[in-house]
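Here's the letter readout for the chains.
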Amino acid sequence: MAVGKLMVTPAIADIHHPTPEQTSGPFFPEHNQLDKDADLTRVQGRSGKAEGDVIFVSGKILDVFGNPIEGAAIDIWQANKWGRYDHVDDDNPAPLDPNFQGWARLRSGADGSYSVMTIKPGAYPQEGDWRPPHIHFRVGRRGFRQTITQMYFKGDPLNDKDSILNDIEPKAVRDLLVVDFKAGIGKFDLVLETRRG
Ligand SMILES: [Fe+2]
């Protein structure tokens, strides 16, 4: 006997939790720069390499059903090895690194993927405390809600004390922002909600 097609509602387990949002902070790049490619360890026209431990971050931009989002605009920005942003408002006395690109602007591929080579950012002081190493992300695509967030490094002792990270409850959702790097390689997927209305 033929069985008619059923409209199946996806099981809850198949729904990906949207990436939790975080403040963009005061250090989003304030002026354009020539070199915004996926290699933050070198600046176009300079022969030197950025100071710090090289890391690779890659992942996919997905919708809540796990489908890849192609062509998403991805901004990635971060402090250098010493926790200093190349930003006029950063009064951290730590040195600048002229060979560190600090900012990348990318597009996700047909399978939703992106990848960057960068260095592990340093912690930095903020309002009498220390922000753990983190990388800022801003991801946008027409039809989806723009997501601004921060990615953290699993095992960093500063994570547990950071008020911005620990604002996210429950822990299972908070942990979506905490990446377990193995041999300098980390995977960070971002899930965007469909824009309503
Ligand atoms: Fe930051």
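Up top is the structure these notes are about.
Summary of the structure given here. Please read these numbers as outputs of a predicted model, since none were measured by experiment.

## Looking at the sheet that holds strand 8 (residues 147-153)
- Pairing within the open sheet is mixed, and its 5 strands lie in the order 3-2-7-8-9. For this open sheet the edge positions go to strand 3 (103-107) and strand 9 (178-179), each flanked by a neighbour on one side alone.
- Pairing geometry for strand 8 and strand 9, over 2 bridges, is parallel. Note that in strand 9 the partner of Phe-153 across the bridge is Val-179.

## A closer look at the packing of aromatic side chains
- Per the counting criterion, the structure on display carries 8 aromatic pairs.
- Ring pairs connect the aromatic residues Phe-27, Tyr-85 and Tyr-124, which therefore count as one cluster.
- The aromatic ring of Phe-153 is capped on one face by Lys-120, whose charged end is 5.0 Å from the ring centroid.

## Here we look at the side chain of Asp-63
- Counting through the fold element by element, Asp-63 comes out in strand 1 (residues 54-63).
- Although Asp-63 is buried, it makes no salt bridge; Arg-141 carries the closest opposite charge, 11 Å away.
- A distance of 2.9 Å separates a polar atom in the side chain of Asp-63 from the backbone nitrogen of Phe-65.

## Considering unusual backbone geometry
- Between Glu-169 and Pro-170 the backbone carries a cis peptide bond, its omega angle lying at -5 degrees.
- Even without glycine at this site, Glu-127 takes up a positive phi of about 50 degrees.
- Inspection of the secondary structure assignment puts Glu-127 in the loop between strand 5 (124-126) and strand 6 (129-131).
- The backbone of Ala-183 shows a phi angle near 50 degrees, a positive value even though the residue is not glycine.

Basis of the calculations
- The written sequence of each chain sets the order in which its residues are numbered from 1.
- The predicted nature of this model means local features are confined to residues of pLDDT at least 70 and side-chain atom pairs, given and counted, to a pLDDT of 80 or more, with totals for whole chains, interfaces and linings taken over all residues.
- Neither water nor hydrogens contribute to the side-chain values; these are computed over all heavy atoms in the structure.
- For two strands to be treated as a pair, DSSP must find at least two bridges joining them.
- Working definition: helices are DSSP H or I runs of at least four residues, strands are E runs of at least two. Numbering for both runs from the N terminus.
- Classification of ring pairs uses Phe, Tyr and Trp, with its six-membered ring standing for Trp, and accepts pairs whose centres are within 6.5 Å; under 30 degrees between planes counts as stacked, over 60 as edge-to-face, and the remaining range as tilted.
- Consider the ring centre and the ring normal. A charge sits over the ring if Lys NZ or Arg CZ is within 6 Å of that centre and within 35 degrees of that normal.
- Burial status follows relative accessibility: with a 1.4 Å probe on protein chains alone, a residue under 20% of its type maximum counts as buried, one over 50% as exposed, and anything between as partly exposed.
- By the counting rule applied here, Lys and Arg register as positive and Asp and Glu as negative, while His and the ends of each chain are not counted.
- What counts as a salt bridge is simple: a side-chain nitrogen of Lys or Arg found within 4 Å of a carboxyl oxygen of Asp or Glu.
- Definition of a polar contact: a pair of N or O atoms within 3.5 Å, with one able to donate and the other able to accept a hydrogen when the atoms are protein atoms, and with sequence-neighbouring residues admitted only if both atoms are side-chain atoms.

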